[in-house]
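These are the residues of each chain, in order.
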Amino acid sequence: MQIGMVGLGKMGGNMTVRLLRGGHDVVAHDVSAEAVASAAEAGATGVDSLEALVAAMPAPRIVWVMVPSGEITERTVRTLGGLMDAGDVIVDGGNSRFSDSVALAASLAADGVLMVDAGTSGGIWGLEEGYCLMVGGTEEAIERLSPALETLAPPDGWAHVGPVGAGHYVKMIHNGVEYAMMQAYAEGFELMAAGDFGIDLHQVAEVWRHGSVVRSWLLDLTARALDADPGLEELDAWVPDSGEGRWTVQTAVDLAVPTPTIAAALFNRFASREDNAFGQRLLAALRNQFGGHAVKPAEGGHE
């Protein structure tokens, strides 16, 4: 099939290559001329604007958008919607909030343009391993998109999970679960490192990968990281969050669904960014106040 790809970063660029390898005709655009040239070298038709992308594709068109979530995605999708014809399909494959996807789809529908929201998992490994795709939209739009989905995903690696919004809703929760799994691994390996047995953490990660009930791709990546840097001495304990963990917890509160493990994992990421946090200092002060427990004086004071 022919498909447009807008956004040729680490995800969109690799997805373009995977689509080309699968025999698809890709028309590619990015704000970076270098990224467009790279896609063209791989076999895509490179264009320098959204207008040129739409003009290069006969109707009915399908254009996949892989740009940062939020304002950039909304602006790109709305601009494309104004250029495309009734019956065309726009796919939002970024990490958009599901409610934003529902609102965008409703605005596009006024002009007859269809929208699919595709929760996309695979990261930098997607080019070779394939992308797990959770897609929301009408049966018509998904059926037309399915040849590309079959190429992008590994076998049995994509599903039509519901109407527009469902794709990003499932992907949001997927990321919340990912937070919790990563946190569990981090705590378990830290506990082993703190013990008195001199445990080889890479060895444990490797043996757990074979037959253990806790085996997973995240554990495979844990083994890889520990093999490269057994003490993780080259890293700082600073863990950012993409925003989807926050959305998961906020949605859980809105629906009164308990998600304590995911919430704790999210809050731990916040804690990782605080150096000698005020709250921890207050805990020390309170223990000293009610029990006379020892405190450690600050070195150089705090702002």
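Residues numbered from 1 in each chain as written. Predicted model: local features only at pLDDT ≥ 70, side-chain atom pairs only at ≥ 80, totals over all residues. Heavy atoms only, no water.

Trainee: I would appreciate a short explanation of the sheet that holds strand 8 (residues 158-162) in the present structure.
Mentor: Strand pairing in a sheet takes place through backbone hydrogen bonds and is either antiparallel or parallel in direction. As summarised here, the arrangement of the eight strands in space is 3-2-1-4-5-6-7-8, forming an open sheet in which the pairing is mixed. Because the sheet does not close on itself, it has two edges, and the strands there are strand 3 (45-47) and strand 8. Taken pair by pair, the neighbouring strands of this sheet meet at an average axis angle of 25 degrees, ignoring direction. Alignment of strand 4 (residues 62-65) against strand 5 (residues 89-92), held across four bridges, turns out to be parallel. Pairing of I62 across the sheet is with V89, part of strand 5. Sheet strands touched by helix 8 (residues 166-194): strand 5, strand 6 (114-121), strand 7 (132-136) and strand 8. Its angle to strand 6, the strand with the most contacts, is close to 15 degrees. (Pairing = 2+ DSSP bridges. Helix = DSSP H or I, 4+ residues; strand = E, 2+ residues; numbered from the N terminus. Axes fitted to C-alpha atoms, helices over the stretch in contact; angles between N-to-C directions. Contact = heavy atoms within 4.5 Å.)

Trainee: Just checking my understanding: could you explain the environment of E244 for this structure?
Mentor: Residue placement: E244 occurs in helix 11 (residues 244-255). Remark: the alpha-carbon pair of E244 and D85, spanning 159 residues in sequence, is separated by 32 Å. Among all residues touching E244, those that are not within four sequence positions of it are N95, K171, M172, N175 and Y179.

Trainee: When you look at the packing of aromatic side chains in this model, what are you seeing that I'm missing?
Mentor: Inspection of every chain in the model, using the stated rule, returns four aromatic pairs. Taking 6.5 Å as the distance between ring centres and 85 degrees as the angle between the ring planes, the aromatic pair formed by W125 and W217 counts as edge-to-face. Taken together, the residues W125 in the loop between strand 6 and helix 6 (126-129) and W217 in helix 10 (residues 217-228) connect sequence positions 92 residues apart. Relative to W208, the ring of F189 lies with its centre 5.4 Å away and its plane at 65 degrees, an arrangement referred to as edge-to-face. Residue F189 is found in helix 8, and its partner W208 is found in helix 9 (residues 201-208); the two are separated by 19 residues along the sequence. By relative accessible area, W208 is classed as partly exposed at 28%. The side chain of R269 reaches across the aromatic face of Y179, ending 3.6 Å from its centre. (Phe/Tyr/Trp six-rings, centres within 6.5 Å; stacked < 30°, edge-to-face > 60°. Buried < 20%, exposed > 50% of the residue type's maximum accessible area, 1.4 Å probe, protein only. Lys NZ or Arg CZ within 6 Å of the ring centre and 35° of its normal.)

Trainee: I tried to follow the environment of I173 on my own but got confused; where do I start?
Mentor: Relative to the helices and strands, I173 resides in helix 8. Take I173: its relative accessible area is 33%, and that puts it in the partly exposed class. For I173 and L19, which are 154 residues apart along the polypeptide, the C-alpha to C-alpha distance reads 27 Å.

Trainee: Honestly, the packing of helix 9 against helix 10 in this entry has me stumped. Any pointers?
Mentor: A pair of packed helices is characterised by two quantities: the angle between their axes and the separation of those axes. Between helix 9 and helix 10, whose axes approach to 9 Å, the crossing angle comes to 155 degrees. By the criterion of interaxial angle, the relationship of helix 9 to helix 10 is roughly antiparallel. The element helix 9 and its partner helix 10 pack so that their crossing is left-handed. For the pair formed by helix 9 and helix 10, the contact residues are L201, H202, A205, E206 and W208 on the first element and L219, A223, L226 and D227 on the second. Tallied by class, residues from the contact of helix 9 with helix 10 come to six nonpolar, one polar and two charged. (Parallel < 35°, antiparallel > 145°, perpendicular 65-115°, else oblique. Left-handed = near helix turned anticlockwise from the far one by under 90°. Nonpolar A, V, L, I, M, F, W, Y, C, P; charged D, E, K, R; others polar.)

Trainee: Quick question: what am I supposed to make of the pattern of salt bridges here?
Mentor: Pairing of side chains with opposite charge becomes possible as their charged atoms draw close. All told, the structure shown has eleven salt bridges when counted by the stated rule. One salt bridge connects E71 with R75, and the closest N-O pair in it is separated by 2.6 Å. A residue pair is termed a helical-turn pair when its members lie 3 or 4 positions apart in one helix, as E71 and R75 do in helix 4 (residues 71-83) at four residues. The residue R144 makes a salt bridge to E140 at a minimum N-O spacing of 4.0 Å. Note that R144 and E140 are positioned in helix 7 (residues 139-152) at a spacing of four residues, about one turn of the helix. Judged by its relative accessible area of 23%, R144 falls in the partly exposed class. Connected through shared salt-bridge partners, R61, D85 and D88 make up one network. (Salt bridge = Lys/Arg side-chain N within 4 Å of Asp/Glu carboxyl O.)

Trainee: Sorry if this is basic, but what is going on with helix 10 here?
Mentor: Helical geometry note: an α-helix holds 3.6 residues per turn, so side chains three or four residues apart project in the same direction. Here helix 10 contains twelve residues, and its C-alpha end-to-end distance of 17 Å stays within 8% of the 16 Å for a straight helix at 1.5 Å per residue. Every buried residue of helix 10 is listed here: L219, T222, A223 and L226. All buried residues of helix 10 project into a common sector of 95 degrees when viewed along the axis, lining one side. Exposed residues on helix 10 whose side chains face more than 90 degrees from its buried face are R224 and A228. Those residues of helix 10 that are buried are in contact with helix 8 and helix 9. Regarding helix 10, its N-cap is S216, as a side-chain oxygen of that residue lies 3.3 Å from the backbone nitrogen of L218 further along. (Expected span 1.5 Å × (residues − 1). Arc of directions from axis to C-beta. Polar contact = N/O pair within 3.5 Å; in protein donor to acceptor, adjacent residues only side chain to side chain.)

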